[in-house]
Amino acid sequence: GSGPSAEETREQMLEIYPKKTRRKRAKQMLVNKTPETPEAIGANSRTVPGIITQRGCSYAGCKGVVIGPIYDILHITHGPIGCGWYSWLSRRNMSKIRHPEETNYLQYSMSTDMQEDHIVFGGEKQLKQAIQEAYDEFKPKAISVYATCPVGLIGDDIHSVCREMKEKLGINIFGFSCEGYKGVSQSAGHHIANNGVFKNMIGLDDTPVEAKYKINVLGEYNIGGDAWEIDRILRLCGIHIIGTLSGGVSYDEICNCHQADLNVVMCHRSINYMAEMMETKFGMPWFKVNFIGIEGTKKSLRKIAQYFDEKELTDRVEEVIAMEMADVRPVIEDVRQRTEGKKAALFVGGSRAHHYQDLFSDMGMTTIAAGYEFAHRDDYEGRDVLPSIKIDADSRNIEELHIEADPERFNLRKTKERKVALEESGFEFSDYEGMMRQMAKDTLVIDDISAHELEKLIELHKPDVIGSGIKDKYVIEKMGIPCKQLHSYDYGGPYAGFKGAINFFKEIDRMISTKVWKLTRAPWKDDSEEQSAAAAE
Ligand code: CFM
Ligand code: HCA
């Protein structure tokens with residue numbers, strides 16, 4: 001309720017910047033005008049040097065996010081040791097082997113440990129040796145190589161090394177030119193990863209899968225066990241997941257996932273390219289789902305059932321929902337007594353700043369400000385803006401693969417005809433709405449928020465909880481506001497699906513109900529204010 005308006009807040013955030021920076025940031029900071037069509041946001045543009053951003057790099061988006069979680073590929077970082085070190089097990093993408101003959105390499109971090117003499121004389125020999133050594137030691141099914149900044153600058157040809165070693169060793173070996181400096185954020189790395197996974201894995205294994213309802217879940221990385229909760233629910237419904245890209249998934253599952261009848265997409269930002277390429281080549285339709293939040297989970301399950309259009313499945317889905325809700329309802333009723341009307345602000349990645357608004361609204365909380373780190377305009381404004389934003393910061397750097405329909409496999413599944421029929425009956429495939437349409441009027445939407453803007457927001461509005469990442473967590477908490485890491489979930493999770501929602505409700509209730517925040521001394525408070533507050537307790 002109180003505090004300056006969104007418009008005033010925005011002005012105060014912009015005030016300190018030099019003119020040019022202010023003009024640029026102004027395009028990335030909007031006051032939401034719902035229900036009007038969202039204003040164009042200056043997303044996916046370069047961060048002004050000197051501004052402290054939350055963003056990461058292309059290598060993080062490629063190796064760290066999309067491919068790194070495939071547990072039985074041996075991942076080798078070609079670059080200085082820091083790149084491998086800092087991306088080692090920090091994302092909490094969980095995995096476990098499910099067949100005794102499998103191996104899980106994710107506890108390892110492998111790197112060529114590039115040194116100055118490799119920069120001077122080239123690092124290809126070193127890479128070749130590293131691949132040989134890794135092969136001799138582990139005999140993996142596949143090896144994946146990731147180039148970091150210096151490799152691109154000196155011009156090592158990792159792809160010819162990979163081809164040569166693939167020939168020599170007889171296993172699948174492929175490389176990613178995901179040098180950190182490419183693009184403006186992690187996002188370029190997602191695109192590079194999607195292209196590589198599509199070229200080097202998808203469709204390699206044509207073994208048919210015996211199941212009635214076969215889907216892939218794209219853009220779900222099993223952070224804190226989310227993919228396992230989604231799998232649990234879908235299993236109860238009788239729906240079989242062939243591949244989850246790329247959470248808790250094996251190389252073979254990815255090679256075989258073109259056998260599915262449908263792709264559902266959790267994180268659109270990181271994997272929309274894959275969904276589109278699979279539709280073009282195999283005729284496999286896709287739509288957006290969201291298993292974060294009770295309403296989202298129900299809606300997603302019902303939509304999958306509607307796609308298959310079998311009474312047995314639609315009935316089963318309703319049974320599962322009713323069964324799970326019996327556990328969820330009392331928890332919501334309990335926590336709402338303390339969380340109702342509380343305010344949240346979310347600044348995370350490229351989808352969670354949107355998805356998690358649903359979980360907060362399940363608890364009666366409102367999101368007063370939100371923004372992505374690196375999402376594109378469609379993730380803010382919805383799918384209908386896509387055609388107008390084909391030329392963006394990433395697509396100048398990354399090739400669009402030219403994919404053609406594979407007539408043999410395309411016709412096998414008849415999925416295209418099914419899509420047309422469903423669309424005629426009113427089923428919506430492309431109803432991706434984006435963040436802004438869902439947010440209330442006069443909320444703030446801030447893309448690639450800076451440290452300064454975040455501090456201003458806290459100073460002026462004191463949200464009851466902020467969802468963010470490791471770089472700002474402790475800054476926020478020192479200002480007396482609880483911060484839930486919505487990347488790693490701190491040490492918690494899962495938060496997806498029904499059981500996940502219960503975990504989340506309890507966690508947020510605990511965080512905002514504890515009295516400990518009253519004991520922190522926020523920098524804007526002077527001693528007398530502090531003391532009188534303590535005395536009033
Ligand atoms: Fe997608 Fe992700 Fe996210 Fe993402 Fe990420 Fe992540 Fe994220 Mo961290 S793929 S965009 S690049 S949902 S790693 S699991 S938490 S920033 S909001
Ligand atoms: C990444 C990974 C990250 C970082 C999280 C954070 C993750 O972008 O490189 O900043 O707290 O989810 O682990 O997004």
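The structure presented is a predicted model; accordingly, all values stated were derived computationally and were not measured. (Residues numbered from 1 in each chain as written. Chains lettered and ligands numbered in written order. Predicted model: local features only at pLDDT ≥ 70, side-chain atom pairs only at ≥ 80, totals over all residues. Heavy atoms only, no water.)

Asks: For the overall build of the chain, give the residues involved together with the corresponding values.
Replies: Within the chain, the secondary structure is distributed over 23 helices and 14 strands. Over its C-alpha trace the chain gives a radius of gyration of 24 Å, about what one expects of a compact globule, namely 24 Å for 537 residues. With respect to the three principal axes, the spread of C-alpha positions in the chain is 75 × 65 × 45 Å. In the chain, 76% of the contacts between residues at least 6 apart in sequence involve partners at least 24 apart. Each charge class in the chain can be summarised by its mean position, and for the 69 positive and 82 negative side chains these summaries are 2 Å apart. (Helix = DSSP H or I, 4+ residues; strand = E, 2+ residues; numbered from the N terminus. Rg over C-alpha atoms; globule rule 2.2 N^0.38 Å. Contact = heavy atoms within 4.5 Å. Lys, Arg positive; Asp, Glu negative; His and termini not counted. Charge placed at Lys NZ, Arg CZ, Asp CG, Glu CD.)

Asks: Kindly report on the site of ligand 1, identifying the contributing residues and their values.
Replies: Arg-91, His-190, Cys-267, Ser-351 and His-487 are the nearest of the 13 residues found near ligand 1. Residue classes in the shell around ligand 1 are distributed as 5 nonpolar, 6 polar and 2 charged. (Near = heavy atom within 4 Å. Nonpolar A, V, L, I, M, F, W, Y, C, P; charged D, E, K, R; others polar.)

Asks: Which residues make up the pattern of salt bridges, and what values go with them?
Replies: Evaluation of the coordinates by the stated rule reveals 34 salt bridges. Residue Glu-279 pairs with Lys-419 through a salt bridge whose shortest N-O separation is 2.8 Å. Taken together, the residues span a long stretch of sequence, with Glu-279 in helix α12 (residues 268-282) and Lys-419 in helix α18 (residues 415-424) at a distance of 140 residues. In terms of burial, Glu-279 and Lys-419 fall into one category: buried. A salt bridge links Glu-318 to Arg-302, with the shortest nitrogen-to-oxygen separation between them at 2.8 Å. Placement of the pair is Glu-318 in helix α14 (residues 311-339) and Arg-302 in helix α13 (residues 294-308), with a sequence separation of 16 residues. Residue class for Glu-318 comes out partly exposed when judged on its relative accessible area of 36%. Using a relative accessible area of 36% as the deciding quantity, one classes Arg-302 as partly exposed. Within this structure, Lys-473, Glu-477, Lys-484, Asp-490, Glu-507 and Arg-510 form a network of salt bridges that share partners. (Salt bridge = Lys/Arg side-chain N within 4 Å of Asp/Glu carboxyl O. Buried < 20%, exposed > 50% of the residue type's maximum accessible area, 1.4 Å probe, protein only.)

Asks: Could you give me a rundown of unusual backbone geometry, with the residues and numbers involved?
Replies: Residue Ser-246 follows Leu-245 across a cis peptide bond; omega there is 0°. Its place among the elements puts Ser-246 in strand β7 (residues 239-246). Cis rather than trans, the peptide bond between Gly-493 and Pro-494 has omega equal to -5°. In this fold, Pro-494 is placed in the loop between β14 (483-485) and α22 (497-513).

Asks: Which residues make up the sheet that holds strand β4 (residues 142-147), and what values do they have?
Replies: Taken in spatial order, the 4 strands make up an open sheet running β3-β2-β4-β5, and their pairing is parallel. Every interior strand has two partners, whereas the edge strands, β3 (110-111) and β5 (172-176), have only one. Pairing of strand β2 (residues 73-78) with β4 involves 6 bridges; the strand directions are parallel. Within β4, the position partnered with Ile-76 by the bridge is Val-145. Relative to the sheet, helix α6 (residues 124-138) contacts β2, β3, β4 and β5, its axis offset from that of β2 by approximately 155°. (Pairing = 2+ DSSP bridges. Axes fitted to C-alpha atoms, helices over the stretch in contact; angles between N-to-C directions.)

Asks: Please give an account of the confidence of the model for the chain that cites residues and values.
Replies: Taken over all residues, the pLDDT of the chain has a mean of 94, while the share at 70 or more is 94%. Both confidence scores are given for the complex: pTM 0.95, ipTM 0.98. (pLDDT = per-residue confidence, 0-100.)

Asks: Can you break down the environment of Thr-53 residue by residue, with the values?
Replies: Examined against the element boundaries, Thr-53 turns out to sit in the loop between β1 (29-31) and α3 (58-67). On the basis of relative accessibility, which here comes to 24%, the residue Thr-53 falls in the partly exposed class. Apart from the residues lying within four places of it in its own chain, the contact partners of Thr-53 are Thr-47, Asp-448, Ile-449 and Lys-471. In this structure the side chain of Thr-53 is engaged in a polar contact, spanning 2.9 Å, whose partner is the backbone nitrogen of Arg-55. (Polar contact = N/O pair within 3.5 Å; in protein donor to acceptor, adjacent residues only side chain to side chain.)

Asks: If you had to explain the side chain of Gln-54 to someone new, which residues and values would you point to?
Replies: Locating Gln-54 in the fold gives a position in the loop between β1 and α3. Here the side chain of Gln-54 touches Phe-347 through a polar contact of 3.4 Å, landing on its backbone oxygen. Polar side-chain contacts of Gln-54 include one of 3.0 Å to the side chain of Asp-472. Sequence-distant contacts of Gln-54, that is, excluding residues within four places in its chain, are made with Phe-347, Glu-373, Asp-448, Ile-449, Ser-468, Lys-471 and Asp-472.

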